[in-house]
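Coordinate analysis (summary)
This is what each chain is made of:
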Amino acid sequence: MKPTIQLETKPVKTDAIIILIDKKSNLNKCGLTKTEITTVQQAIKKDIKLITLNGVPVKQVLLLEAKQDQMRTNEDLRKTGNSLLASINKYKCKKVGIANHSGISGAAYFIAEGMALGNYQFIQYKKDATKKENSLQSVRIADAGISKHQIAELNATIEASYRVRDLVNEPVNHLNAEGLAEALSQMGKEVGVKVTVFNKKKIIEMGMGGLLSVNQGSIDPPTFTIMEYKPANAKNQKPIVLVGKGVVYDTGGLSLKPTGNSMDYMKCDMAGAATMGGVIYTAAKLQWPLHIIALMPATDNRPGGNAFAPGDIIKMYNGLTVEMLNSDAEGRMILADALSYSKQYDPELVIDMATLTGAAHRALGNFAIAYMSTADSDTNKKLEQAGEEVFERLVYFPLWEEYGELIESDIADMKNVGGALAGHITAGKFLQRFTDYPWIHLDIAGLAFFHSTMSYRGKNATAIGLRLLLQFLKHRMNEQ
Ligand code: BES
Ligand code: MN
Ligand code: ZN
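About the criteria used
Residues numbered from 1 in each chain as written. Chains lettered and ligands numbered in written order. Predicted model: local features only at pLDDT ≥ 70, side-chain atom pairs only at ≥ 80, totals over all residues. Heavy atoms only, no water. Pairing = 2+ DSSP bridges. Helix = DSSP H or I, 4+ residues; strand = E, 2+ residues; numbered from the N terminus. Axes fitted to C-alpha atoms, helices over the stretch in contact; angles between N-to-C directions. Contact = heavy atoms within 4.5 Å. Donors = N, O, S within 2.8 Å, 3.2 Å for Na, K, Ca; no water. Tetrahedral: all angles 85-135°; square planar, octahedral: opposite > 155°, others 65-115°. Salt bridge = Lys/Arg side-chain N within 4 Å of Asp/Glu carboxyl O. Buried < 20%, exposed > 50% of the residue type's maximum accessible area, 1.4 Å probe, protein only. Near = heavy atom within 4 Å. Polar contact = N/O pair within 3.5 Å; in protein donor to acceptor, adjacent residues only side chain to side chain. Areas by Shrake-Rupley, 256 points an atom, 1.4 Å probe, with all protein chains shown as cover. Parallel < 35°, antiparallel > 145°, perpendicular 65-115°, else oblique. Left-handed = near helix turned anticlockwise from the far one by under 90°. Nonpolar A, V, L, I, M, F, W, Y, C, P; charged D, E, K, R; others polar.

In this section: the sheet that holds strand 6 (residues 138-142). The strand order 1-6-5-2-4-3 describes an open sheet built from six strands, whose pairing is mixed. Each edge of the sheet is formed by a strand with only one pairing partner; in this case those strands are strand 1 (4-7) and strand 3 (50-53). Across the sheet, the axes of successive neighbouring strands diverge by a mean angle of 20°, strand direction being ignored. Pairing of strand 1 with strand 6, which is carried by four bridges, proceeds in the parallel orientation. Opposite Ile 5, over in strand 6, you have Val 139 as the bridge partner. Seen against the sheet, helix 1 (residues 34-45) touches strand 2 (16-21), strand 3 and strand 4 (58-63) and runs at an angle of roughly 155° to strand 3. Here helix 2 (residues 70-90) sits on the sheet and contacts strand 2, strand 3, strand 4 and strand 5 (95-100); the angle it forms with strand 4, its principal contact strand, is near 155°.

Structure follows, in structure tokens:
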């Protein structure tokens, strides 16, 4: 159940009450009875941070403490919000009230955000889905530090996060390339985004050799989805183009992924496409004054009868040739065509997002997106800043030309793999050859999908990158 967040100016009746305080709060003003105040005071002395008061509705007092920096404080609040869900859902509470009596302005916002994001479930295929569904439906917050506008943005972001995660969690037998294009079209339609879907015939006509080569082993046709949001009051003269990897399933193709479990979660390989869909959906829904275009090339990658074979030379959309030496490096093949296609828009900036390499995951673990960039350092800094604000952090990797030498081919313009070392960077170098505009590459492999619960990011699909790009675009929108 996706909870809706509402801002309240006076107390409302809820099934659960969370009262945020800090050591300086005046407990007489927090809506507590005398006995409750005594309980809270005793608990504070014992350094108890979460105080559960007796009686229905669930009433909890949370002792907050600001951390060394705001980013850390906010993230801890989100995590706390998520951890409060357990008792809320256990006692089947539908409405939760959060009253902020602490000195941390806006604390209820982050608690609510963590709660709402953490309440996500993907259970529609279970026979007892309704019984298993979390009870929480709405979060009512009273916090003088939060505006109505912020809450509208938060609700739209939560909605998008649920939709992106639904798409990523959907397995390939329920969501192939055409299904993804259909879902994105639907999302676009809801918010007035223009959607064009190229079918296989059109993709052949266009000569998108990268996308077609990956699709060769597949029975299902590829798709290429274009979403365009162009409000009359756009602040950017040139569009911002978003490109998302839409590999709806990655077996590795003929360079088959080893069994064990490396293939088990490869339904998540379209997370980039789903997330970019979520970004443009949210921007349009909130009517942000930004001209944004999203491109999502999509196919599955399989070892079918006509599958592209290591050694193949493929002519890409922009005419360059690629010696394909590992069919498991398929993401860059389909992204390359979309990046070349982006040129016609004369973009201000192109950002691509892809579950691209295990190397990015190995380099940074579960805690950061690997990024590369040809945009100016000011733009990079703003992106990193946005990442810290929403706690979807990024680490910069260089696009030095020495890494580019690793993908030189004897017989074609380049090869699609660069060896065992720094695989995320050689992948980035490959993509760079298809760009001639300011460009940022986000490698989200490893963060798009978790096998165990990661606090409010949940288990399985995380929609990582969604909140990052929304925050980044929000800043861009407020610039000039
Ligand atoms: N989809 C995978 C990357 C991936 C790994 C996504 C883990 C999510 C979690 C990608 O297509 C891939 O197979 N990359 C290869 C590239 C290699 C063959 C150069 C990899 O990283 O091993
Ligand atoms: Mn692959
Ligand atoms: Zn892949």
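Moving on, we get to the coordination of the zinc ion (ligand 3). At the metal site, the zinc ion (ligand 3) is ligated by Lys 245 (NZ), Asp 250 (OD), Asp 269 (OD) and Glu 330 (OE), and these contacts range over 2.0 to 2.4 Å. Because the angles between the six donor atoms bound to the zinc ion (ligand 3) fall within 78 to 173°, the donor set is best described as octahedral. Sequence positions of the residues that donate to the zinc ion (ligand 3) give the spacing K-x4-D-x18-D-x60-E. Here the manganese ion (ligand 2) and the zinc ion (ligand 3) are spaced 3.1 Å from one another, each receiving a donor from Asp 250. Pair noted here: Asp 250 is in strand 10 (residues 246-250) and Asp 269 is in the loop between strand 10 and helix 9 (271-285), with a separation of 19 residues, a long-range link.

Let us now look at the pattern of salt bridges. Summed over the entire model, instances satisfying the criterion amount to 27 salt bridges. Glu 75 is the salt-bridge partner of Arg 457, the closest N and O atoms lying 3.6 Å from each other. Note that Arg 457 is positioned in the loop between strand 19 (449-450) and strand 20 (460-461) and Glu 75 in helix 2, a separation of 382 residues in sequence. You can call Arg 457 buried: its relative accessible area is 14%.

Turning next to the site of ligand 1. The full set close to ligand 1 counts 16 residues, and Lys 257, Asp 269, Asp 328, Glu 330 and Gly 358 are the nearest of them. Contacts to ligand 1 include Asp 328, whose side-chain N or O atom sits 2.7 Å from an oxygen atom. The contact in question runs from an oxygen atom of ligand 1 to an N or O atom on the backbone of Gly 358, over 2.6 Å. Burial of ligand 1 by the protein chains amounts to 78% of its free accessible area of 530 Å².

Here we come to the packing of helix 9 against helix 15 (residues 466-477). Viewed as axis vectors pointing N to C, helix 9 and helix 15 meet at an angle of 40°, and their least axial separation amounts to 9 Å. The pairing of helix 9 with helix 15 is recorded here as oblique in orientation. As helix 9 packs across helix 15, the resulting crossing turns out to be right-handed. Contact residues: Thr 275, Met 276, Gly 278, Val 279, Thr 282 and Ala 283 in helix 9; Leu 466, Leu 469, Leu 470 and Leu 473 in helix 15. Considering only residue class, the contact of helix 9 with helix 15 consists of seven nonpolar, three polar and no charged.

What follows is about the coordination of the manganese ion (ligand 2). Coordination sphere of the manganese ion (ligand 2), protein contribution only: Asp 250 (OD), Asp 328 (O), Asp 328 (OD) and Glu 330 (OE), at 2.1 to 2.2 Å. Each donor residue of the manganese ion (ligand 2) lies on one chain, and together they are spaced D-x77-D-x1-E.

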